[in-house]
Amino acid sequence: KAGVTQTPRYLIKTRGQQVTLSCSPISGHRSVSWYQQTPGQGLQFLFEYFSETQRNKGNFPGRFSGRQFSNSRSEMNVSTLELGDSALYLCASSFGTEETQYFGPGTRLLVL
Amino acid sequence: AQTVTQSQPEMSVQEAETVTLSCTYDTSESDYYLFWYKQPPSRQMILVIRQEAYKQQNATENRFSVNFQKAAKSFSLKISDSQLGDAAMYFCAYRSNAGNNRKLIWGLGTSLAVNP
């Protein structure tokens, strides 16, 4: 089976812009979670989707949003980008919400 | 709230030797999972090993094994016969098995260097 794929792999944006990141889970997986990874804060949970419904949300401002489509693919959107949003954004999928999460390669976002 | 602590930011080991990475966690729950993930430089996060809290037997995966001490809330990872490819950042993570909150809570990681 193909693994979790994330596009794009790298992004450079400027402050105030918005960005959309995409995640395609492993075939058959219905749960997708998003994490932000920074050197200072480590890995922090953003949100989790299961069958197109957001089940959990982390402590991030409303500028961070996401959605999941009927084919389980997920997107996350960050509006009004700030310098502090520069990070590696990781997507993970699992068969169900109780199963082990498998990670994609991440999207590295740089905000200038 | 649950927390995960990895007290060793960096460690090193000689090739073929054994190394143990430490992880402690804090929770009031009794039903949860613990994980070790590996993140090689510029490469993606890979699951190393998983432990269910209700299982007393320590999980093993080839050269990787854990020492799970539930009462002490300790979950260390032992890597035997270390190989150059084991060099990576290792993260300990906790996940509740209660309710709908199944997010992973992470330690800050331990950077492992393997010396030839």
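Provided above is the structure to which this section pertains.
All figures in this text were calculated on a predicted structure; none of them were measured in a lab.

**Digging into the nonpolar core**
Among the nonpolar cores identified, the biggest contains 26 residues, and B:Tyr25, B:Trp36, B:Phe75, B:Leu77 and B:Tyr90 are the most heavily contacted of them. Counting only elements with at least two residues in this core, the list comes to β3 (19-21), β5 (32-39), β6 (46-52), β8 (64-69), β9 (74-79), β10 (88-96) and β12 (110-115) of chain B. If one sorts the elements of this core by residue count, β10(B) sits on top with 4 residues. In this structure B:Tyr90 touches B:Gln6, B:Leu21, B:Trp36, B:Tyr37, B:Lys38, B:Val48, B:Phe64, B:Leu77, B:Ile79, B:Gly109, B:Thr110 and B:Leu112, once residues within four positions along its chain are discounted. The next biggest cluster of nonpolar side chains, apart from the first, holds 21 residues, and it includes A:Cys23, A:Tyr49, A:Phe64 and A:Leu109.

**Comments concerning the environment of A:Leu83**
Residues and elements named next belong to chain A. Along the chain, Leu83 turns up in the loop between β8 (74-78) and β9 (87-94). Here Leu83 falls in the partly exposed class, since its relative accessible area comes to 47%. Not counting chain neighbours up to four residues away, the residues in contact with Leu83 comprise Arg15, Val111 and Leu112.

**Section: the interface of chain B and chain A**
Opposite the 17 residues of chain B that make contact, chain A presents 19 residues. Carbon and sulfur atoms supply 48% of the area buried between chain B and chain A, which totals about 1700 Å² over both sides. Counting the surface chain B buries against chain A, the share from its top three residues, B:Gln44, B:Arg102 and B:Trp106, is 29%. Counting across the interface, chain B meets chain A through 0 salt bridges. Between the two partners, chain B and chain A, sit 5 residue pairs in polar contact (both at pLDDT 80 or more). For the side of chain B that touches chain A, the secondary-structure elements that each account for two or more residues are β5, β6, β10 and β11 (104-106) of chain B. Broken down by element, the residue count for the side of chain B that touches chain A peaks at 3 residues, all from β5(B).

Conventions used here
Along each chain, numbering runs from 1 in the same order as the chain's sequence is written. By the order in which they are written, chains take letters starting at A while ligands take numbers starting at 1. Under the rules for a predicted model, residues below a pLDDT of 70 receive no local features and side-chain atom pairs below 80 are neither given nor counted, while totals for whole chains, interfaces and linings still include all residues. Think of the side-chain values as coming from all heavy atoms in the structure, minus any hydrogens and water. Among buried residues, those of type Ala, Val, Leu, Ile, Met, Phe, Trp, Tyr and Cys that are joined through side-chain atoms within 4.5 Å constitute a nonpolar core. Remark: exposure states derive from per-residue accessible area (1.4 Å probe, protein chains only) relative to the maximum for the residue type, with buried under 20%, exposed over 50%, and partly exposed in between. Each helix is a run of H or I in the DSSP string that is no shorter than four residues. Each strand is a run of E no shorter than two, and both are numbered from the N terminus. Whether two residues are in contact is decided by their heavy atoms: any pair within 4.5 Å suffices. Buried area is a sum: the accessible area each of two parts loses on coming together, probed at 1.4 Å, counted once for each and added. Definition used for salt bridges: Asp or Glu carboxyl oxygen within 4 Å of a side-chain nitrogen of Lys or Arg. N or O atoms within 3.5 Å of each other form a polar contact, as long as, within protein, one can give a hydrogen and the other can take it, and as long as residues adjacent in sequence are counted only when both atoms are side-chain atoms.

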